[in-house]
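Close look at the chain arrangement
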Amino acid sequence: MTSFVLTNAKISTMIEGPTAFGLIDNGAVAVEDGLISWIGTASDLPASYRSLRTDDLEGRVVTPALIDCHTHIVFGGDRAREFEMRLEGASYEEIARAGGGINSTVAATRTASEAALLGDALKRADSLIAEGVGTVEIKSGYGLDVETELRMLKVARAIAAQRDIRVKTSFLGAHAIPSEYAGRPDAYIDEVCIAALSAAHEMGLADAVDGFCETIAFMPDQIERVFQHARALGLPVKLHAEQLSNLGGAELAARYQALSADHLEYLEEPGLLAMKKAGCVAVMLPGAFYTLREKQLPPIALLREHEVPMAVATDCNPGSSPLTSLLLAMNMACTLFRMTPQEALAGTTRHAARAQGLNDTGTIEPGKKAELAVWDVAHPAELSYRIGFNPLAMRIMGRLP
């Protein structure tokens, strides 16, 4: 049913304003043809909506459906051995330079069939869906050849066909230098990455273009060539920036009006101010910080001071963040990065939508899609407070389940 009313609810609209969480007590939401048409206190519900089916939520909390705006959930194999190696003292960079890291996943992904990749990715998507996620961004980047990059993006699109979830795809051909191009990153960019991007665009498989700007991956001038091609194709960009060092990736992202710059542990004020001016979202990825046992914190206080919007995501991937719980990522953002519960929820709703270039979801207000999550909690702050606890009562994607 696509027209209905939810009543007797604590509605966390996540609309920016004077009220924490945009909270409406004893609220009601009217939905018509899958879109939110009215919101307010239940006592003010217009008579015209009283003929619609009404669901009494018995005081439960309603939020926008969550958005995981940075994931790599399509991949082959696993990297459990590398987890052991890190515990034995090897750094992320040392593992990568020894031929592990991303390139070990590349080998497994290249040999995996489309069906196998889809089967495994659906399990990860199901974990996110079970926690109220309505939109997920999925990156390529474990093929590093034209054929496998396209296969990954096809699998990402197939997830949306098999599950009731919105999928946004990002082409991440500039993720790592494959072994066959060792020592020749410029040749890889020109011969493989840009060619794969052109093919992905022609096939309608890419919604955005990403890159990994780091000494173990690509330098800013190499990423810029990819961004220039993305601009020529009319595709928005985003960037893995300042995770392990400061190469000026945030400023590069800002110059191209990137949707987001992600990680940002080594972000400094010039890059931050450039992001602010460009309207670029800062995506916090505490799962990678936790897994890699990093010590350099992203500059949360400075981002807050300059009102740079902060999103939160799982960064689900086989190496640095094997995390399929966005609720846990929210808790980590609070405990590790000292974000507030309100910031964490804004980071997985309103700001995450902005990081995906979406303006029809992320808040509960008239005209937005009725993509909602109903929670068995007394207050939305509980979503970041609890650990290993999933209070989802119902996920609504335009219609009642």
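Taking an unreviewed UniProt entry as the reference, the chain is identified by name as Imidazolonepropionase belonging to Hoeflea prorocentri. Heading Subcellular location (unreviewed entry) of the UniProt record for the chain holds this comment: "Cytoplasm".

Another point: the nonpolar core. If you look at the biggest cluster of nonpolar residues, it comprises 98 residues, and the most contacted ones within it are Val74, Ile159, Phe171, Leu264, Met275 and Met284. Per-element accounting of this core gives the leading share, 10 residues, to helix H6 (residues 185–202). Once residues lying within four places of it in the same chain are set aside, the contact partners of Met275 are Ala250, Ala254, Ala261, Leu264, Leu267, Cys280, Val281, Ala282 and Val308. Core analysis: the next-biggest nonpolar cluster, separate from the first, contains 18 residues, Phe4, Val29, Val31 and Val374 among them.

Once that is clear, we can look at the UniProt feature "binding site: Fe(3+)" (unreviewed entry) in the chain. Within the UniProt annotation, "binding site: Fe(3+)" (unreviewed entry) is assigned to His70, His72, His240 and Asp315. Spatially, the listed residues are clustered: although they cover 246 residues, their C-alpha atoms lie within 12.5 Å of one another. Within the fold, His72 resides in the loop between strand S6 (66–68) and helix H1 (80–87). When near neighbours in sequence (up to four residues on either side) are disregarded, His72 contacts Lys139, Ser140, Tyr142, Leu172, His175, His240, Asp315, Cys316 and Asn317. Within the structure, His72 has its side chain in polar contact with the side chain of His70 (distance 3.2 Å).

A rise of 1.5 Å per residue sets the reference length of H6, with its 18 residues, at 26 Å; its end C-alpha atoms lie 24 Å apart and thus fit the reference within 8%. Cys193 marks the point of greatest bend in H6, at about 30 degrees. Those residues of H6 that sit buried are Pro185, Ala187, Tyr188, Ile189, Val192, Cys193, Ile194, Ala196, Leu197, Ala199 and Ala200. Phi turns positive, to about 70 degrees, at Gly204, one or two residues after H6.

Considering only enclosed or pocket space, the largest pocket measures out at about 500 Å³ in volume. Lining the largest pocket we find 26 residues, and of these Glu16, Pro309, Ala346, Arg350 and His351 sit closest to its centre. When its residues are assigned to classes, the lining of the largest pocket shows 10 nonpolar, nine polar and seven charged. Its volume calculated, the second largest pocket comes out at about 360 Å³. Along the walls of the second largest pocket sit 21 residues, with Ala96, Arg97, Asn103, Ile177 and Ile216 positioned nearest its centre.

As a further point, take the packing of aromatic side chains. All chains considered together, the criterion is met by five aromatic pairs. When the centroid spacing of 5.7 Å and the interplanar angle of 70 degrees are considered together, the rings of Tyr181 and Tyr188 count as edge-to-face. Three or more aromatic residues link up through ring pairs in this structure, and these residues are Tyr181, Tyr188 and Phe218. Note that Arg124 overlies the ring of Phe75, its terminal NZ or CZ placed 3.6 Å from the centroid.

Spatially, the four strands line up as an open sheet ordered S10-S11-S12-S13, and their pairing is parallel. The two strands at the open ends of the sheet, each matched to only one other strand, are strand S10 (238–241) and strand S13 (310–312). Within the sheet, the average angular offset between the axes of one strand and its neighbour, ignoring direction, is 25 degrees. Summarising the sheet, strand S11 (residues 260–263) and strand S12 (residues 281–284) pair through three bridges and their orientation is parallel. Bridge pairing links Ala261 to Ala282 in S12.

The next subject is the pattern of salt bridges. For the structure shown, the criterion picks out 25 salt bridges. Between Arg163 and Asp126 there is a salt bridge, and its shortest N-O distance comes to 2.6 Å. Placement of the pair is Arg163 in the loop between helix H5 (146–162) and strand S8 (166–174) and Asp126 in helix H4 (residues 114–129), with a sequence separation of 37 residues. By relative accessible area, Asp126 is classed as partly exposed at 29%. Residues joined in a network through salt bridges with shared partners are Glu137, Lys139, Asp210 and Lys238.

Parameters and conventions
- Residues numbered from 1 in each chain as written.
- Predicted model: local features only at pLDDT ≥ 70, side-chain atom pairs only at ≥ 80, totals over all residues.
- Heavy atoms only, no water.
- UniProt positions renumbered as here; feature names shortened; annotations may be inferred.
- Core = buried A, V, L, I, M, F, W, Y, C linked by side-chain atoms within 4.5 Å.
- Buried < 20%, exposed > 50% of the residue type's maximum accessible area, 1.4 Å probe, protein only.
- Helix = DSSP H or I, 4+ residues; strand = E, 2+ residues; numbered from the N terminus.
- Contact = heavy atoms within 4.5 Å.
- Polar contact = N/O pair within 3.5 Å; in protein donor to acceptor, adjacent residues only side chain to side chain.
- Expected span 1.5 Å × (residues − 1).
- Bend = angle between axes of the 7 residues up to and from the residue.
- 1 Å grid on protein atoms, 1.4 Å probe; cavity = no way out; pocket = protein on both sides within 12 Å on 5 of 7 lines; lining within 4 Å.
- Points joined across faces, edges and corners; volume = space filled by probe spheres on them.
- Nonpolar A, V, L, I, M, F, W, Y, C, P; charged D, E, K, R; others polar.
- Phe/Tyr/Trp six-rings, centres within 6.5 Å; stacked < 30°, edge-to-face > 60°.
- Lys NZ or Arg CZ within 6 Å of the ring centre and 35° of its normal.
- Pairing = 2+ DSSP bridges.
- Axes fitted to C-alpha atoms, helices over the stretch in contact; angles between N-to-C directions.
- Salt bridge = Lys/Arg side-chain N within 4 Å of Asp/Glu carboxyl O.

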